Amino acid sequence: MRKEDIDYTLYLVTDSSPAILGDRDLNHVVEEALEAGVGIVQFREKKGDTRELIEKARALHQITKKHNVPLLINDRVDVALAVGCEGIHIGQDDMDLATARRLLGEDAIIGVTVSNVEQAIEACQGGADYLGIGTVYATPTKTNTKDIIGTAGVRNILDHIADAGYTTRSVCIGGINASNVQRVLFQSNGIRKGLDGVAVVSAVVGAANPKAAALHLLSLLKRPPPFSSDLQRKSQALSETEALKPDLLPLIGPVIRAVHETTPLSHNMTNLVVQNFAANVALAIGASPIMSNYGEEAADLSKLGGALVINMGTVNPDGLANYMKALKAYNEAGRPVVFDPVGAGATTIRREAVKTIMAAGYLDVIKGNEGEIKTVFGDNKEQQRGVDSSSTLSASDKASLVRRLAHREKCVVVMTGKTDYVSDGIFTWAIDNGTPRLGEVTGTGCSLGTTISAAIASRQADRVTAVIAAMLHFEIAAELADERPDVSGPGTFIPAFLDELSRIRMDTASGNLSCVCDIQ
Ligand code: 3NM
Ligand code: MG
């Protein structure tokens, strides 16, 4: 088989430890995985005498040859030579690439494990046939991993090797399974270079039915994830430099009208302080609110065509477990999720909660103030440069931070403040609507999350337009309320604000909206 014909989509790495393989037979597991469509197999055995390893590898090679799929040996060049299989996979502590290449020859497939940009460039330069990029997520299968790099780390590596002109094939590894594979692929892919596939151990070797597990993974790998629609379309259609920023203003009214006409469910997992206010805001804009913090309920609620708000306002261990359940349910249903990392940087617990939530699922919108967005951004070492958490950022730094986070997470990011910044990772908008009065009453930030959730539920195919429409609706209502003669302070502001939200909705629905949107 020619090297360029190798199908890396689903790459199987073996493990014979009882914790993963159990009492299954490894040859049988590999055979089943091959029947399902695995395109490359690595025999990875960290224990055992050389003779035994060669025997096992020979048996596996008979099986992989039948399926015309390459077999690689982890680390052991001698075993690969003895068996005459197609190649090896080496880690950073194994034999160096140049020596391995000299011993095995040009035709051998040699893959290299890399976890940072330097290692990746070196491996590409040295003529590796593919990169195994990891560790994506902490995994019980390999506990001595040095770096957990997440999808942001994978993407950073892909961007750098593409910039350096390499087209080396690549897979990622570490904690990949059916619940995260689509998101991992989607969020890892750089603009110019994507992954060729994913490598798994336990998701297939440890599955009760390895064939069914491999088939399921392949079916997920081959179809676009439910949350990718608009961003994927955009990043394919636009090159960063040529594109003109779209004018969203004509699209704002239709979003407000769509909420009015479809009455989308806004499922809020939020804190006690703001539940009542957020529910009233939802009603005022024409949405249907449900305030449910019970994760078990989310599976049913996610099927009702709405969107979820995860508001970390009063996070606790039970709450966190509930968020994760709901996030999973909404991701599986392909319905949008808005994340409001309230007080993200304030405590160690909250910083950890942000990481846990971000690793647990795909978030369509991340909305926070400057400090919160900085915290959400900051857990990526490579990208933290230039972002000093104690400083207040300049306008252009804010815009850039929001764009980079949206680009990294492939989602929409909102940074609220006197000027709000919104980005889809490609373009960034600045919104100057709103009034300081919003800061004088509690729950306005949280109910903005609710407003966004309703808009995005109605307009999932164009998330950034939905988000901006929601923000303009919300902030212009606040301006109009604040200007009213009957409003003299925070107390009178609240009912006037709810009235204006509702009035804008009704005026828009009847085609009579006229207001000044301060957006660029
Ligand atoms: N290499 P699972 S992580 C073999 O980071 C291996 O280089 C890794 O197992 C790396 O799919 C890993 O069960 C184990 O999480 C992956
Ligand atoms: Mg190794």
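In this text the structure is predicted, and so the values were computed from the model without any measurement. (Residues numbered from 1 in each chain as written. Chains lettered and ligands numbered in written order. Predicted model: local features only at pLDDT ≥ 70, side-chain atom pairs only at ≥ 80, totals over all residues. Heavy atoms only, no water.)

**Observations concerning empty space enclosed by the protein**
Here's step 1: Tallying each qualifying case throughout the model produces 4 cavities of 30 Å³ or more.
Here's step 2: Estimated volume of the largest cavity: approximately 50 Å³.
Here's step 3: Surrounding the largest cavity, Val255, Ile256, Val259, Ile285, Thr451, Ala455, Ala469, Ala470 and His473 form its lining.
Here's step 4: If you list the elements that add at least two residues to the lining of the largest cavity, you get helix 12 (249-262), helix 19 (444-458) and helix 20 (463-483). (1 Å grid on protein atoms, 1.4 Å probe; cavity = no way out; pocket = protein on both sides within 12 Å on 5 of 7 lines; lining within 4 Å. Points joined across faces, edges and corners; volume = space filled by probe spheres on them. Helix = DSSP H or I, 4+ residues; strand = E, 2+ residues; numbered from the N terminus.)

**With respect to the sheet that holds strand 6 (residues 130-133)**
Here's step 1: The sheet built from 8 strands closes into a barrel, its strands ordered 1-2-3-4-5-6-7-8 with parallel pairing. Neighbouring strand axes in the sheet, compared pairwise and without regard to direction, differ in orientation by 25° on average.
Here's step 2: Where strand 2 (residues 40-43) lies against strand 3 (residues 71-74), 3 bridges are found, and the strand directions are parallel. Looking at strand 3, one finds that Phe43 is bridged to Ile73.
Here's step 3: Its contacts with the sheet place helix 10 (residues 210-222) against strand 1 (10-13) and strand 8 (197-200), and it is angled at close to 145° to strand 1. (Pairing = 2+ DSSP bridges. Axes fitted to C-alpha atoms, helices over the stretch in contact; angles between N-to-C directions. Contact = heavy atoms within 4.5 Å.)

**Considerations on the pairing of strand 16 (residues 428-431)**
Within a regular strand, the side chains alternate between the two sheet faces.
Here's step 1: A two-sided burial pattern is seen for strand 16, the buried positions comprising Thr428 and Ala430 on one face and Trp429 and Ile431 on the other.
Here's step 2: By the bridge criterion, 4 bridges tie strand 15 (residues 420-423) to strand 16 in an arrangement that is antiparallel. From the neighbouring strand, Ser423 faces strand 16, where its bridge partner is Thr428. (Buried < 20%, exposed > 50% of the residue type's maximum accessible area, 1.4 Å probe, protein only.)

**Thoughts on the domain arrangement of the protein chain**
Here's step 1: What the domain assignment lists for the protein chain is domain 1 (3-223) and domain 2 (249-509).
Here's step 2: Computed over C-alpha atoms, the centres of domain 1 and domain 2 are 39 Å apart.
Here's step 3: In this complex, domain 1 contributes 13 residues to the contact, which on the side of domain 2 involves 12 residues.
Here's step 4: When the area that domain 1 buries against domain 2 is broken down by residue, the three leading residues are Arg155, Arg183 and Gln187, summing to 42%.
Here's step 5: For the interface between domain 1 and domain 2, the tally reads 0 salt bridges.
Here's step 6: Sorting the residues of the side of domain 1 that touches domain 2 by element identifies helix 7 (150-163) and helix 8 (181-188) as the ones contributing at least two each.
Here's step 7: A per-element tally of the side of domain 1 that touches domain 2 places helix 7 first, with 5 residues. (Domains from an automatic or database assignment. Buried area = accessible area lost by both parts, 1.4 Å probe. Salt bridge = Lys/Arg side-chain N within 4 Å of Asp/Glu carboxyl O.)

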